[in-house]
Amino acid sequence: MNIDCQTKSPHVSDEVRKTTCYMCACRCGIDVHVRDGRVRYIQGNRDHPVNRGVLCAKGSAGMLHLESPARLQSPLMRTGPRGAGEFREVSWDEALDTACAWLGEIRSKDPRKLAFYTGRDQSQSLTAWWAQQFGTPNYASHGGFCSVNMAAAGIYSIGGSFWEFAQPDWERTRLLLLFGVAEDHDSNPIKLGLSALRRRGARIVSINPVRTGYSAIADTWLGVTPGADGLLVLSLVRELLRSGRVDSDFLRRHTNAGWLVVDGEGESAGLFARDEEGNPLVVDGSSGKLANAAAPGAVPLLAASVDMPDGSRASTVFSRMAAKYLDNRYAPETVAPRTGVSASAIRGLAAELARTAFDETIELPVPWTDVHGNTHPTTVGRPVAIHAMRGISAHGNGFQTCRSLHLLQMLLGAVDCPGGTRFKAPYPKPVELHPRPSGFSGCDTPLAGPPLGYPLGPDDLLVDAHGNPQRLDKAYSWEAPMAGHGMLHAAIPNAAAGDPYPVDVMFLYMANMAWNSSMNTPAAIEALTARGEDGAYRIPKLIVADAFNSETTSYADLVLPDTTYLERHDCISLLDRPIGEPDLIADAVRQPVVELTRNVRPFQDVLIEIGGRLKLPGFVTSGDKPRWRDYAHYMVTREVVPGIGPLAGWRGRNGDRTGRGEPNPQQLEKYVEAGCFWSQEIPSEARFFKNLNRDYQEWAVNLGLLPRPAPFQLQIYSEPLRRFQLAAEGFGERQPPDELRQRIREKFDPFPIWYDAAGDAAGDYPLHAITQRPMAMYHSWGSHNPWLRQLHADNSLYVPGPVCDAAQLTDGCWAWLESPIARIKVRVKRMEAVNGQTVWSWNAVAKRPRAWGLSQGAPESRKSFLLNHVISDLLPEQPDGCRWSNSDPITGQAAWFDLRVSIRRADDTEECAYPQFTLQGLPPGLEDGPPELRYGEEWT
Amino acid sequence: MTSLPDKTDSKLGLVIDLDICVGCQACVVNCKAWNTGGYGSALSDSQPYGDNPEGAWLNRVHGYEVDSGSGAATIVHFPKSCLHCDDAPCVTVCPTGASIKRSEDGIVLVDESKCMGCGLCAWACPYGAREMDPSAGVMKKCTLCVDRIYNENLPAVDREPACVRTCPTNARHFGDLSDPDSSVSKLVAERDGQDLMPEQSTRPVNKYLMPRERQGIDQLAEPDFSLAELADPTPSGVLAWIDRALDRL
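Everything numeric in this text was worked out from a predicted model, so none of it was measured.

1. Notes on the overall build of chain A
Thought 1: Within chain A, the regular secondary structure consists of 25 helices and 36 strands.
Thought 2: Against the globule reference of 30 Å for 940 residues, chain A gives a C-alpha radius of gyration of 27 Å, in line with a compact fold.
Thought 3: The dimensions of chain A, computed from C-alpha atoms along their principal axes, are 80 × 75 × 75 Å.
Thought 4: Within chain A, residue pairs in contact and separated by at least 24 positions form 69% of the contacts whose partners lie at least 6 positions apart.

2. Comments concerning the interface of chain B and chain A
Thought 1: If you look at the interface, chain B gives 77 residues, while chain A gives 92 residues.
Thought 2: When contributions to the side of chain B that touches chain A are tallied by element, the ones reaching two or more residues are α1 (26-35), β2 (45-46), β5 (74-81), α5 (162-166) and α7 (235-247) of chain B.
Thought 3: The residue inventory of the side of chain B that touches chain A, partitioned by class, reads 36 nonpolar, 25 polar and 16 charged.
Thought 4: Taken together, the two bridges between strand β36 (residues 932-933) of chain A and β2(B) define a ladder with antiparallel strand orientation. Along β2(B), the bridge assignment pairs A:L933 with B:D45.

3. Things to note about the domain arrangement of chain A
Thought 1: Partitioning chain A into domains gives domain 1 (3-17 + 19-67), domain 2 (99-150 + 432-539), domain 3 (161-368 + 378-427) and domain 4 (767-905).
Thought 2: Domain 1 of chain A and domain 4 of chain A are separated by 33 Å when their C-alpha centres are compared.

4. So, the sheet that holds strand β21 (residues 384-388) of chain A
Residues and elements named next belong to chain A.
Thought 1: With parallel pairing, four strands are arranged side by side in an open sheet as β11-β10-β9-β21. The open sheet terminates on both sides in strands that have one partner only, identified here as β11 (220-222) and β21. Averaged over neighbouring strand pairs, the angle between their axes works out to 15° when direction is ignored.
Thought 2: Pairing of strand β10 (residues 203-207) with β11, which is carried by three bridges, proceeds in the parallel orientation. Counterpart to S206 in the pairing with β11 is W221.

5. Structural notes on the environment of A:G143
Residues and elements named next belong to chain A.
Thought 1: If you trace the backbone, G143 turns up in helix α4 (residues 143-146).
Thought 2: In the structure, G143 is positioned 25 residues away from T118 in sequence and 9.7 Å away in space, judged by C-alpha atoms.
Thought 3: Dropping the residues within four chain positions of it, G143 is found in contact with V148, A151 and H485.

6. A short note on the packing of helix α8 (residues 229-242) of chain A against helix α11 (residues 332-339) of chain A
Residues and elements named next belong to chain A.
Thought 1: Here α8 crosses α11 at 165°, and the two axes come no closer than 9 Å. In terms of orientation, α8 and α11 fall into the roughly antiparallel class. When the axes of α8 and α11 are compared, the crossing they make is left-handed. Touching L231, L232, S235 and E239 of α8 are P332, V335, R338 and T339, all from α11.

7. Quick look at the confidence of the model for chain B
Residues and elements named next belong to chain B.
Thought 1: For chain B, the mean per-residue pLDDT works out to 89, and 85% of the residues sit at or above 70.
Thought 2: A low-confidence stretch, residues 223-241 (pLDDT under 50), is modelled with 32 contacts involving residues beyond four sequence positions or located in other chains.
Thought 3: Scored by ipTM, the complex comes to 0.97, with pTM at 0.96.

Criteria and cut-off values
- Residues numbered from 1 in each chain as written.
- Chains lettered and ligands numbered in written order.
- Predicted model: local features only at pLDDT ≥ 70, side-chain atom pairs only at ≥ 80, totals over all residues.
- Helix = DSSP H or I, 4+ residues; strand = E, 2+ residues; numbered from the N terminus.
- Rg over C-alpha atoms; globule rule 2.2 N^0.38 Å.
- Contact = placed C-beta atoms within 7 Å.
- Nonpolar A, V, L, I, M, F, W, Y, C, P; charged D, E, K, R; others polar.
- Pairing = 2+ DSSP bridges.
- Domains from an automatic or database assignment.
- Axes fitted to C-alpha atoms, helices over the stretch in contact; angles between N-to-C directions.
- Parallel < 35°, antiparallel > 145°, perpendicular 65-115°, else oblique.
- Left-handed = near helix turned anticlockwise from the far one by under 90°.
- pLDDT = per-residue confidence, 0-100.

This is the structure:
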């Protein structure tokens, strides 16, 4: 090109089509520049509430997903053995006939024989409802592997969790504590927010074993030892209590700190003292008498211990809490060795938390009215925010650690206030407003409600008369009573073992469970290929729906090929995980921006079609005709209750209703016209303290976010946990098996506790091993994208300098990393900015040879490793011979950050990772990728 | 040899804030995505799905571990692209006149029709900011998105380099560094913006803003525990004073 001829204003694109990104979980708005029917360029949508114009590396590379040689081309039926990747192409008719024959048979005989697991599914309100109408309780998405500890702890404690349900008040916070944050959730909003904080001079403290990414720009980095975050937080709690630096007014009004708990022993011990109507009781500070905790005007004493009318004695949550945490076991000096954080740093942080909360208090000139009708002339905020994600969540003590974080927030009065961590609508809401999990109801019969929910006690468990699990993954059994999101990681091993029962069809969507979404990957592969005595596969039928030739696809008997996110309709619904901001409610859609040229279909269209063919209740009209043409039709016309559907904007026949309203046939067009999202500002008087804010409650009911006003107090002390503990003590009808009693008694403490889930540092495996997600990769989705893979084509193990010196490891050398179950060979990289007992690497970089459209010798296969290979899916054997899932005992969250390892230099000189897997065959229609890429050459 | 202009009418360039760069690579990829279909030949990738994937990029972010020995080690993320130097050695070394520095705005560009791919300019650049395209065999470098910044087919607000528009931490700024009243010049003045490797005498237009001083936690004074002195902080003692003591806050 000649510079002299260079026009100043070259043609950019024929059209800009707006849609929603799906290169990770962040769900940013994007402007897709389309030229000659192809994607010329993708930029962030400046008007979009999530990303306000910016866009990350993944989103910027989205057009190369449309070039990927890993894109499936057509439905496939397996012809070779599982895992070989040998298939024949079939028509959609044959594929759907096959799927419906398999599924229809088990629905009429025993719907539990279907296990339906979805991965990074953003349509969970559809997939869960489909499972419900099919009648199988064996449904879950990815949360049990990823973050259910965070979600459940938040919902049971403060009515919602961090992550996508709340965010720091970026404009006002003065001190942010970031715990183990994963970079793929709320990724662009967090980056925008961190930048704003640094410009304002607010302090960022990162508590993370590794100082990369966000931690690298923090003022202070506390390189905590993995799994010890909860201990560190409870030490902060102790210091705040010891110094009396807590927000007593907030504790009284907004939390259950003043509620009375029955003392002593017996079936009511540890439950809230209640009046005859069942209302929790407090001691009213002005009258000294017992009062209903929710009554207007009651200002509870925080410290009280009283005789109850029935002769029992009761004391307040606060009294009990003080007694518990003032113990020296939480003293900074005591916890310093285990946490890896010095006592002076813990004290300093406690002081800084208190100073910021109470000496830099914010008072906004915004009046608000509580649910008792008292108007507060201003809104007072404690400008301390906390954010956390997977690093906290993926431990066997993660639920209680997350609860500890919420306790810290409550003590500081920093929940949903100016400068604190603020909820996004439709959160917060009390746990009681969430559904309970529904179990099997019968053949050809839907479940009574959704398969996933939040139990309030043993009565809500999904167990049979003998206490045995009702679900395949054992979620909501005594092994994982408060599972919340199910246990995706237990589905394959349990199905192959026939424990608690065999299934007939396993149906996986977008979940790479034969690879990086399983603990102990070789065991998962073995389970998928295991045969019974009759020679048949132990998991008889496997359906996989995915857009790409993933590792898991190769094990499928039937492949239902999906589209990419740029070729489909989709909705980002308030019924799923919200987008939006504390001051703004929003939802969004995706629209096809390029023409679909392969014989593939959007998965949600296919699921709806299968529902129609199987005549699942709700999926057909009264005349047994399919109710919906496709997902776009469903998005617009489905009503979960009359007037409420997947999309909140432009409802009503004329599009003039919001939240509640009749379906509007033009709704999707309205979304597209508006840039593929809808948003509405939350009224200024309804933006803070939403749990007790009258205007918020009314606004949320009007919009359909709440079925009725549901004010609630935040739960420092969790009665549902105590109910399970009581059962373990022998009270109540439903009793846990004896081998689980002690574990439940210890771990289901109604107050946040810390226990060592990762084991003692001494012994044969002295190091912790964890992974982090690179900011430019999302799960296994980045490697078939040539631009993203150039950033992370292989991974090394980062090893602390002193550990390198002791083991004579040098940069670039190869080493054996060994856990109690297996060993892998990895390349070493020396690093100082890491906790001294911790090694780590980037996750999901490694690939099976020739999966994901890559060459046989790709560095992703030859030089890379998954830590999953050495993570056991089971905990070590108990004295009685029992082996439990390597999961949090409360929620069943996969505990893959509890990994312990040893390291030694590899003697052999072969520069190749171990283990190496067999070559994955290419399905028909797929070819090796081209030797070079000159994307966009035709426009230059 | 190619000569440099005596003076440029303006000095367009980037100001990059190392204080808030988290190393996310958004600017790197968005730059490639824009430019591969824009000025000059495509930014090609060889073996895109193969054993040695390698492509041409106009911007890269490197991460360095910094361990001063005092205080904890950390990572510094360092974005690097052409700095559009006033005394650009890549221009004067070019034997064909393909490398030029524009007199109107100071942007250093390669006229690919004159580039023979000898690579002398990449050798002369002390920053390693030029990359040979593996397919086209011509030299590629940052154009400051010359096809965006004046482009009337884009809304005025988008007439800035792709890396600046996409940066999720707003760590990248674009403007005229010859104008003391421009927002970028003010930023440089405020934050004492630095030249990269000034000893090379290249007089780069782009500037870097250094990480701000970090506020440590353990250097803080011990907390004031005066309230705790009101009582024996034990479970039995605490009950007596807690409501009273808390209300004094």
